Amino acid sequence: AQAPGFYRTTLGDVEITALSDGTHAFPVTTVMQGVTPKQLEAALRYDFLAPPVAGSINAFLLNTGKRLVLIDSGAGLLYGDCCGRLQAHLRAAGYEPEQIDAVYLTHLHKDHVGGITRNGVMQFPNATVYVSAHELAYWTSPAAKAAAPDFLSSFFDAAVAALQPYQQAGRVRTIEAPGPLAEDGLEAIATPGHT
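Let me sum up the structure you'll find in this document. (Residues numbered from 1 in each chain as written. Predicted model: local features only at pLDDT ≥ 70, side-chain atom pairs only at ≥ 80, totals over all residues. Heavy atoms only, no water.)

1. Considerations on the pattern of salt bridges
Reasoning step 1: Applying the stated rule across the entire model yields four salt bridges.
Reasoning step 2: With its nearest N and O atoms 3.2 Å apart, the salt bridge here joins Glu41 to Arg45. Separated by four residues within a single helix, Glu41 and Arg45 lie in helix 2 (residues 37-46), roughly one turn from each other.
Reasoning step 3: Given the relative accessible area of 48%, Glu41 is considered partly exposed.
Reasoning step 4: We note a salt bridge from Lys145 to Asp157, for which the minimum N-O separation is 2.6 Å. On the criterion of sequence distance, the pair formed by Lys145 in helix 6 (residues 142-147) and Asp157 in helix 7 (residues 153-168) is long-range, its members being twelve residues apart.
Reasoning step 5: For Lys145, a relative accessible area of 29% gives the class partly exposed. (Salt bridge = Lys/Arg side-chain N within 4 Å of Asp/Glu carboxyl O. Helix = DSSP H or I, 4+ residues; strand = E, 2+ residues; numbered from the N terminus. Buried < 20%, exposed > 50% of the residue type's maximum accessible area, 1.4 Å probe, protein only.)

2. Focus on the sheet that holds strand 2 (residues 14-26)
Reasoning step 1: The sheet built from seven strands is open, its strands ordered 1-2-3-4-5-8-9 with mixed pairing. With one partner strand each, in any of the chains shown, strand 1 (6-11) and strand 9 (172-175) form the two edges of the open sheet. The average angle at which neighbouring strand axes cross in this sheet is 25 degrees, direction not considered.
Reasoning step 2: Where strand 3 (residues 53-63) lies against strand 4 (residues 68-71), four bridges are found, and the strand directions are antiparallel. Paired with Leu62 across the strands is Val69, a residue of strand 4.
Reasoning step 3: Seen against the sheet, helix 7 touches strand 5 (102-105), strand 8 (128-132) and strand 9 and runs at an angle of roughly 110 degrees to strand 9. (Pairing = 2+ DSSP bridges. Axes fitted to C-alpha atoms, helices over the stretch in contact; angles between N-to-C directions. Contact = heavy atoms within 4.5 Å.)

3. Quick word on helix 7
Reasoning step 1: Here helix 7 contains 16 residues, and its C-alpha end-to-end distance of 23 Å stays within 8% of the 22 Å for a straight helix at 1.5 Å per residue.
Reasoning step 2: Of all the bends in helix 7, the greatest reaches close to 30 degrees and is centred on Ala162; the proline Pro165 follows between one and four positions later.
Reasoning step 3: Regarding helix 7, the residues found buried are Phe155, Phe156, Ala158, Ala159, Ala162, Leu163, Pro165 and Tyr166.
Reasoning step 4: At the exit of helix 7 stands Gly170, carrying a positive phi of roughly 70 degrees. (Expected span 1.5 Å × (residues − 1). Bend = angle between axes of the 7 residues up to and from the residue.)

4. Some words on empty space enclosed by the protein
Reasoning step 1: In total, this model carries one cavity of 30 Å³ or more according to the counting rule given.
Reasoning step 2: Volume-wise, the largest cavity comes out at about 70 Å³.
Reasoning step 3: Lining the largest cavity are 13 residues, with Gly76, Gln87, Gly115, Arg118 and Gln123 positioned closest to its centre.
Reasoning step 4: Looking at the lining of the largest cavity, the elements with two or more residues in it are helix 3 (86-92) and strand 6 (117-118).
Reasoning step 5: Residue composition of the lining of the largest cavity, by class: two nonpolar, eight polar and three charged. (1 Å grid on protein atoms, 1.4 Å probe; cavity = no way out; pocket = protein on both sides within 12 Å on 5 of 7 lines; lining within 4 Å. Points joined across faces, edges and corners; volume = space filled by probe spheres on them. Nonpolar A, V, L, I, M, F, W, Y, C, P; charged D, E, K, R; others polar.)

5. Section: the layout of surface pockets
Reasoning step 1: Quantified by volume, the largest pocket comes out at close to 720 Å³.
Reasoning step 2: Lining the largest pocket are 22 residues; nearest its centre among them are Thr106, Ala188, Ile189, Ala190 and Thr191.
Reasoning step 3: Among the elements of the structure, strand 5, helix 5 (133-139) and strand 11 (186-188) are those that each provide at least two residues to the lining of the largest pocket.
Reasoning step 4: Of all the elements, strand 11 adds the most residues to the lining of the largest pocket, at three residues.
Reasoning step 5: Here the residues of the lining of the largest pocket sort into twelve nonpolar, seven polar and three charged.
Reasoning step 6: Within this model, the second largest pocket holds a volume of roughly 600 Å³.
Reasoning step 7: What lines the second largest pocket is a set of 24 residues, among which Phe26, Val31, His109, Phe155 and His194 lie closest to the centre.
Reasoning step 8: For the lining of the second largest pocket, the element with the highest residue contribution is strand 3, accounting for four residues.
Reasoning step 9: The class makeup of the residues in the lining of the second largest pocket is ten nonpolar, twelve polar and two charged.

6. A look at the pairing of strand 4
Reasoning step 1: With burial as the criterion, each face of strand 4 is covered, one bearing Leu68 and Leu70 and the other bearing Val69 and Ile71.
Reasoning step 2: Between the end of strand 3 and the start of strand 4, which pair antiparallel, lie four residues, with Gly65 showing a positive phi angle near 95 degrees.
Reasoning step 3: One ladder, built from three bridges, connects strand 4 with strand 5; its direction is parallel. Counterpart to Val69 in the pairing with strand 5 is Ala102.
Reasoning step 4: Each parallel crossover has a hand, and the one from strand 4 via helix 3 to strand 5 is right-handed. (Right-handed = clockwise from strand over helix to strand, strands pointing away.)

Set out below in structure tokens:
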């Protein structure tokens, strides 16, 4: 049965539950680059959209039959009251945060990493967090932060703060793509460009 906040399906033997963390006003006019304002307006109009565009923030829970694996964690409180609904939707789907064995972060932007902590406390206390070695090196580097555009400064701070409790507990592991992901029967695929 489906309910607002989550959607369940299967792929092979894996049960996948899409979990909504919320919807935010996506700043498409500042994020999109390489297009003129007129081109952007035409592209949005073609899809019956206008700024601000609603951006859906989602995470995916995979039940492999052996482990519960969360892919991304939403924004948590980092985007304000629009978001931070992942925990409630996880529970509505029949799971508790303590049951999560692994959290794989596709990248370390705020809307993917923000939900692993709340006010400095791990939200998935029994999970190990996995992240690309390249992502971890970049988003935790003071030199990279200094060289990045100003609007990304808070992204660096958010990544460092979200990961800190897991790092202190020895629960952060790096992964390389392409390659298998632990014992979960999953494989990482490198798709650089967004980050």
